[in-house]
Amino acid sequence: MTDTALAPTRLALVGNPNSGKTALFNALTGSRQKVANYAGVTVERKEGVLTSPSGRVIQVIDLPGTYSLRARSPDEAVTRDAVLGRLAGETPPDVIVCVADATNLRLVLRLALELKQVGRPFVLALNMFDIAQRQGLRIDLEGLSREIGAPIVTTVATRKRGIEELVARAEALADTMPVGENVWHEPSAAEIRHAHAEAQRILKAHVRPPERPDTWTSRIDSVLLHPVGGLLILSAVMFIMFQAVFAWATPVADLIEAGFTWLGGAVATVTPEGLLRSLLVDGLIAGVGSVLVFLPQILTVFFFILLLEDSGYMARAAFLMDRIMGAAGLHGRAFIPLLSSHACAIPGVMAARVIDQKHDRLTTILIAPLMTCSARIPVYTLIIGALIPRTTVWGFLNLQGLVMFGLYAAGILSGLVVATVIRTAFWRSASEPFMMELPTYRWPDPENVARNLMQRGMIFINRAGRIILPLMVLVWVLSTFPYPPQGATGPAIDYSFAGMIGHFIQPLLAPIGFNWQMSIALVPGMAAREVAVAALGTVYAVGNVDGAGQATLASILHTQWSLATGLSFLAWYVFAPQCVATLGVVKRETNGWLWPAVMFGYMFTLAYLASLATYWSAVALGWG
Amino acid sequence: MTLGVTMSEPAILDTLAPPATEAEIINVGLLSAARIGARGVIARVSAFEGALPAAELERRLLELGFVEGATVEVLEEGLFGRDPIAVRLDDMRVAIRRREAAAIQIRFDPKGDA
Ligand SMILES: Nc1nc2c(ncn2[C@@H]2O[C@H](COP(=O)(O)OP(=O)(O)OP(=O)(O)O)[C@@H](O)[C@H]2O)c(=O)[nH]1
Ligand SMILES: [Mg+2]
């Protein structure tokens, strides 16, 4: 080929779900895409580049896993279109790398036979070869290679083994192998059966069953999937996860908070009294600091979710929840995006791509933001810490942790209720079949977990820098200027723009018990939930006449808010659609503004109604 | 496909290809009715109209590996209505609802069904 120097050689990774395509992609390109032990982790195409030892530039494309090129769900359509080169301005890949889980070859062999029809040169990567060897699986590589008409490379993606050979083989194929004609068409049932028979024959001839098959998975499943015990364990896991946010993370968060208070005090002593000091201490340290304090809590949630995803438990949770989700018209698989949404709704909304039926997918997308994402943690933790006493109930439960759990439960339950309403009122279609592979359990890879946690932490800190910091400067400006007129009696902030805006909106929010500081905090809080906490931090710090930066935000709220107001604010945050990024992703995933608009409307309505009910119930109980 | 009938819970023993022996008749049944521990070989996959067109469901089952000749064993059952079920399907584990499992006929292994 003469144009290799100009156009990079394109490699596409195709294979069954959970066979290690993304792990291989990361090993090939040095990327850090998400790898986890369940089917349907990757839902978009990702590209990366590597330079081979011979100096050739190779573009690698990671794709969602599939059992067939006959796409049934949006993620599988991505794979089909990439393999067939159906996207505008794109040709099919030069070489297809068919990635196989060496311990489970039957389905991928059938897929390989289908890929062969595409006419592109392909190489079979027998991944997870470490596990195959441990199990004593005997594979006649030469015979297998002859039968499928493609070279075979054994790889261990997570340990970067076999990568060079894979690249070398792919290069050789790109150089020598002529591109055949694409004769692929959607296989009929009879053709699928025929291909299965062929795959089975090849398997019988060249693969001997493992001498030491894995027995742990069955043993663990008999506990974790026990009809009653399994559900209890799932509840316990979630309970511990949400309790841990308080019990484990708060001490560390307190340390960080003390650090920021100290920093504010230190900066205050070295800067001259005046605007600069106010900007640094009240605007930046009090505002941004009040959010960064929650890093430990957020990492705790991510840590749990990573463990669940990496061990193989996610698919079990989906199994256990299937009938419960079924009551809301969804199936168990929808539970995985919802559980992921507890970290952040954005990957949750994207993960709904694995759901084939359009209405089920839309329903899942619409309720994903009701799950308690990590951006709500600062709000919840702040209000709970300020207004709920730190007492112990029933001897071992922390009341604050219990309220936190209640808020998480409220998110999940309201999600199920909303789904039920959507399904009964609008889309009464029969629910789609629930069929899902249950992966083999694996120890979570500490390196993978640590790397992901680092990544999440950096994203959070970055957000604080890029979104919260500039917004806080703005909030500070609004709450500082204009100065109060001569002879004014009230606090200066009452005369500022922020004071004016807050007092202007407040009548709307008075029925739900919000004061004007909360009203003003909601405005920048529309960008992202945790910004509201930062804004409260700044507004109260600027408004605090005696000793700004001395008292923590929680202690200020403790004296200034009634319990009813605090509870109302919590109820608001269970529902309010305050995240521009989520609305943006929903627009992208649903191709239009209709669904983000619906989401925005219904969540706001629910937020207002929930706060109204909460506030007046609390007032009636004497907590006003 | 010889089965164009629309039904929700098909009891279609009579439409099977004639089994070789009397004993086999007793041992053929639907995966949807199987209990934990039941194991056998898939005798036939023939889907019915439901949420999906029959032909589509059939292809999906086939692509996931539910194909004639594959071995299955029921490993776990859910709590509500013993649904869904987790089955071993050759070398892999799959979760499936009983409703879809009704499309799969099994020739049960008598020993496994004790
Ligand atoms: N022991 C071992 N584990 C591996 C290997 N390759 C991948 N894994 C693990 O297998 C699981 C799945 O890996 P992924 O790379 O996410 O699989 P995928 O094919 O991209 O999955 P989807 O995106 O869902 O289609 C993860 O838990 C990996 O850590 C390997 O070679 N050896
Ligand atoms: Mg992947």
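## Details of the overall build of chain B
Check the secondary structure of chain B and you find 3 helices and 6 strands. Taken from N to C terminus, the helices and strands of chain B fall in the order α-β-β-α-β-β-β-α-β. The burial tally for chain B puts 54% of its 114 residues in the buried class. Of all intrachain contacts in chain B linking residues separated by at least 6 positions in sequence, the fraction that spans at least 24 positions is 66%.

## Things to note about the coordination of the magnesium ion (ligand 2)
Residues and elements named next belong to chain A. Taken together, the protein ligands of the magnesium ion (ligand 2) are T22 (OG1) and T42 (OG1), with distances of 1.9 to 2.0 Å. Here T42 lies in the loop between α1 (21–29) and β2 (46–51) and T22 lies in helix α1, a separation of 20 residues in the sequence. Accessibility assignment for this pair places T22 and T42 in one class, buried.

## Focus on the site of ligand 1
Residues and elements named next belong to chain A. By nearness alone, 24 residues border ligand 1, and K21, T22, A23, V41 and T42 come closest of all. Taking A23, its main chain carries an N or O atom lying 2.8 Å from an oxygen atom of ligand 1. Take Y38: an N or O atom from its main chain is 3.4 Å from an oxygen atom of ligand 1. Burial of ligand 1 by the protein amounts to 96% of the accessible area it has alone, namely 660 Å². When contributions to the shell around ligand 1 are tallied by element, the ones reaching two or more residues are α1 and α4 (129–134). Among the elements that line the shell around ligand 1, the one with the most residues is α1, at 3 residues.

## What about the pairing of β2 of chain A?
Looking down a regular strand, the side chains alternate between one sheet face and the other. Residue and element names in this part refer to chain A. Inspection of the sheet shows β2 paired to strand β3 (residues 57–62) by 6 bridges, in the antiparallel sense. Looking at β3, one finds that T51 is bridged to V57. Where β2 folds back onto β3 in an antiparallel hairpin, the turn is made up of 5 residues, including G55, whose phi is positive at roughly 90°.

## A look at the interface of chain B and chain A
Chain B puts 38 residues into the contact, and the matching count from chain A is 45 residues. Ranking the residues of chain B by area buried against chain A places E63, R93 and R97 of chain B at the top, with a combined share of 23%. Taken together, the connections running from chain B to chain A amount to 19 residue pairs in polar contact (both at pLDDT 80 or more). Taken together, the elements giving at least two residues each to the side of chain B that touches chain A come down to α2 (54–63), β3 (71–77), β4 (85–89), β5 (92–96) and α3 (98–101) of chain B. Per-element tally for the side of chain B that touches chain A: the top contributor is α2 of chain B, with 8 residues.

## Some remarks on the sheet that holds strand β7 (residues 152–154) of chain A
The strands making up a sheet are joined through hydrogen bonds of the backbone, oriented either antiparallel or parallel. Residues and elements named next belong to chain A. Spatially, β2-β3-β1-β4-β5-β7 is the arrangement adopted by the 6 strands of the open sheet, whose pairing is mixed. Of all strands in the sheet, those with a lone pairing partner are β2 and β7, marking the two edges. Strand-to-strand twist across the sheet, computed as the mean angle between neighbouring axes with direction ignored, equals 25°. Pairing analysis gives 6 bridges linking strand β4 (residues 95–101) to strand β5 (residues 122–127), with the strands arranged parallel. Residue I96 lies in a different strand from β5, and its bridge partner there is F122.

## A few points about helix α9 (residues 229–247) of chain A
For an α-helix, 3.6 residues make a turn, and residues three or four places apart therefore share a direction. The end-to-end C-alpha separation of α9 of chain A is 25 Å, in line with the 27 Å expected for 19 residues at 1.5 Å each. Every buried residue of α9 of chain A is accounted for by G230, L231, L234, M238, M241, F242, Q243, A244, V245 and F246 of chain A.

## Section: the layout of surface pockets
Residues and elements named next belong to chain A. Volume-wise, the second largest pocket comes out at about 1,100 Å³. Lining the second largest pocket are 40 residues; nearest its centre among them are K34, I346, P347, R456 and I459. At the level of secondary structure, the elements contributing two or more residues to the lining of the second largest pocket comprise α12 (295–311), α15 (345–351), α19 (446–480) and α22 (529–543). Of all the elements, α19 adds the most residues to the lining of the second largest pocket, at 6 residues. Partitioning the lining of the second largest pocket into residue classes produces 20 nonpolar, 10 polar and 10 charged.

## Section: the side chain of T381 of chain A
Residue and element names in this part refer to chain A. Among the secondary structure elements, T381 is positioned in helix α17 (residues 376–387). Among the polar contacts listed, one links the side chain of T381 to the backbone oxygen of I377, at a separation of 2.5 Å. Apart from the residues lying within four places of it in its own chain, the contact partners of T381 are F246, F294, Q297 and M404.

## Some thoughts on the domain arrangement of chain A
What the domain assignment lists for chain A is domain 1 (3–214), domain 2 (226–372) and domain 3 (471–620). The straight-line distance from the C-alpha centre of domain 1 of chain A to that of domain 3 of chain A is 51 Å.

## Considering the nonpolar core
Residue and element names in this part refer to chain A. Among the nonpolar cores identified, the biggest contains 133 residues, and I383, M472, W561 and F569 are the most heavily contacted of them. The contact partners of W561, leaving out residues within four places of it in the chain, are I383, L387, N515, M518, L536, Y540, G566 and F569. Counting residues in hydrophobic clusters, the runner-up holds 37 residues, among them F129, W184, I202 and L203.

## Details of a nonpolar patch on the surface
A cluster of nonpolar side chains, contributed by V228 and L232 of chain A together with L79 and F80 of chain B, occupies part of the molecular surface with about 350 Å² of accessible area. Here L79 of chain B lies in the loop between β3 and β4. Note on L79 of chain B: relative accessible area 37%, which makes it partly exposed.

So, how was this worked out
- Residues numbered from 1 in each chain as written.
- Chains lettered and ligands numbered in written order.
- Predicted model: local features only at pLDDT ≥ 70, side-chain atom pairs only at ≥ 80, totals over all residues.
- Heavy atoms only, no water.
- Helix = DSSP H or I, 4+ residues; strand = E, 2+ residues; numbered from the N terminus.
- Buried < 20%, exposed > 50% of the residue type's maximum accessible area, 1.4 Å probe, protein only.
- Contact = heavy atoms within 4.5 Å.
- Donors = N, O, S within 2.8 Å, 3.2 Å for Na, K, Ca; no water.
- Near = heavy atom within 4 Å.
- Polar contact = N/O pair within 3.5 Å; in protein donor to acceptor, adjacent residues only side chain to side chain.
- Areas by Shrake-Rupley, 256 points an atom, 1.4 Å probe, with all protein chains shown as cover.
- Pairing = 2+ DSSP bridges.
- Buried area = accessible area lost by both parts, 1.4 Å probe.
- Axes fitted to C-alpha atoms, helices over the stretch in contact; angles between N-to-C directions.
- Expected span 1.5 Å × (residues − 1).
- 1 Å grid on protein atoms, 1.4 Å probe; cavity = no way out; pocket = protein on both sides within 12 Å on 5 of 7 lines; lining within 4 Å.
- Points joined across faces, edges and corners; volume = space filled by probe spheres on them.
- Nonpolar A, V, L, I, M, F, W, Y, C, P; charged D, E, K, R; others polar.
- Domains from an automatic or database assignment.
- Core = buried A, V, L, I, M, F, W, Y, C linked by side-chain atoms within 4.5 Å.
- Patch = residues over 30% accessible without salt bridge, like charges linked within 9 Å, V, L, I, M, F, W, Y side chains within 5 Å.
- Salt bridge = Lys/Arg side-chain N within 4 Å of Asp/Glu carboxyl O.

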